[in-house]
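Listed here are the chains, written in short residue letters.
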Amino acid sequence: MNQSARELTIYYCGHETCMPGHYFGPAVRKHYLLHVVLKGRGVYRTSDREYRLMEGEAFLIKPQEVTYYQADNREPWEYAWVAFSGTEAERLVSEYRSEEAGYCYRFDSGKEWREIILALVAAFSGTSHNMDEMRGYLYLLFSHFPGNAAQMDLYEKSYIEKAETYIRHNYSYPIQIADAARYVGIDRTYLYRIFMMHKGVSPKHYLTEYRILEAKRLLEDTTLSITETALSCGFHDASVFCRYFQKAEGQSPLQYRRQFHKADL
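Residues numbered from 1 in each chain as written. Predicted model: local features only at pLDDT ≥ 70, side-chain atom pairs only at ≥ 80, totals over all residues. Heavy atoms only, no water.

1. What to know about unusual backbone geometry
- The residue after Gly25, namely Pro26, is reached through a cis peptide bond having omega 0°.
- Among the secondary structure elements, Pro26 is positioned in strand E2 (residues 23–27).
- The phi dihedral of Gln64 falls on the positive side, at around 65°, and the residue is not glycine.
- Here Gln64 is to be found in the loop between strand E6 (57–61) and strand E7 (67–71).
- Judged by its relative accessible area of 56%, Gln64 is exposed. (Helix = DSSP H or I, 4+ residues; strand = E, 2+ residues; numbered from the N terminus. Buried < 20%, exposed > 50% of the residue type's maximum accessible area, 1.4 Å probe, protein only.)

2. With respect to the sheet that holds strand E1 (residues 9–17)
- A sheet is described by the order of its strands in space; here 5 strands give the open sequence E1-E8-E3-E6-E9, paired in antiparallel fashion. Each edge of the sheet is formed by a strand with only one pairing partner; in this case those strands are E1 and strand E9 (104–106). Direction aside, the axes of adjacent strands within the sheet are offset by 20° on average.
- Pairing of E6 with E9 involves 3 bridges; the strand directions are antiparallel. Residue pairing in the sheet places Ala58 in a bridge with Tyr105 of E9.
- Each of E1, strand E3 (32–39) and strand E8 (78–85) is contacted by helix H4 (residues 131–143), which is oriented at about 65° to E1, the strand it contacts most. (Pairing = 2+ DSSP bridges. Axes fitted to C-alpha atoms, helices over the stretch in contact; angles between N-to-C directions. Contact = heavy atoms within 4.5 Å.)

3. Description of the nonpolar core
- Counting residues in each nonpolar core, the largest one holds 65 residues, and the members touching the most others are Leu34, Val36, Val82, Phe84, Leu138, Leu141 and Leu191.
- Residues from two domains meet in this core; each of domain 1 (9–145) and domain 2 (148–264) gives at least three.
- Setting aside chain neighbours within four positions, we find Val82 in contact with Ile10, Tyr12, Cys13, Tyr32, Leu33, Leu34, Ile117, Leu120 and Leu138.
- Membership of the second largest hydrophobic core comes to 15 residues, among which are Leu33, Phe59, Ile61 and Tyr79. (Core = buried A, V, L, I, M, F, W, Y, C linked by side-chain atoms within 4.5 Å. Domains from an automatic or database assignment.)

4. Topic: the pattern of salt bridges
- What the rule picks out here adds up to 12 salt bridges.
- With its nearest N and O atoms 2.9 Å apart, the salt bridge here joins Glu55 to Lys111. With Glu55 in the loop between strand E5 (50–54) and E6 and Lys111 in the loop between E9 and helix H3 (112–125), this residue pair connects regions lying 56 residues apart in the sequence.
- Residue Lys199 pairs with Glu164 through a salt bridge whose shortest N-O separation is 2.9 Å. One end of the pair, Lys199, is in helix H7 (residues 188–199); the other, Glu164, is in helix H5 (residues 149–170), and 35 residues separate them in sequence.
- Judged by relative accessible area, which is 11%, Glu164 ranks as buried.
- Here the salt bridges do not stand alone but share partners, grouping Arg45, Glu50 and Arg52 into one network. (Salt bridge = Lys/Arg side-chain N within 4 Å of Asp/Glu carboxyl O.)

If you want it as structure tokens, here you go:
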């Protein structure tokens, strides 16, 4: 099992439209279990508190905690749920917790949260059962909860720094963004999101930019051929390299080199 799987594992997901008064519990769960209310109303009870929830809200059941929840008799709720655990799950739960509301949440404005939880359920039910895809949806879902923004910002920047380090040391190899995400210990969907948020570019664009930067250095300081330069910077052939270089610099690699090696050409 890889590191990211140990840190965040999703066990099952589901979606249900409840009958009036439908209830579950009192009972305990082995993993974290997050319910997202899509429609209607209901009540959620822990050992010491009771929460009345409606569309756009969610409640989290902690492992080994005795809980009870019941659909409203007049407007029974429809909800989707996801069970998960791991050290990264502990961090998510800790960062997105309101002392006033306990482990109940209100999503931010908009309806994107609905699309995310349903996409997560669909990914779980699909034939591929791609764990990276499911983790990505779970990260996105949590990102729509109010949280400790300053602390989350520090976490996200540390992830970006670690991904940048991986790229700087491996750009000359045929790496993929999924490789960088695995090195960081998060999924590629989440890595894409935080790169766009903090740097304004995708991880793939960052990798290409870094390869072009290193190619410029080789074109300036060495006499390597265009093909050798391309392969040294992680491009699989010269034509692909030339196309990316032309787009980034507005001139071909050979034209760029002429500025520094006029005597050699």
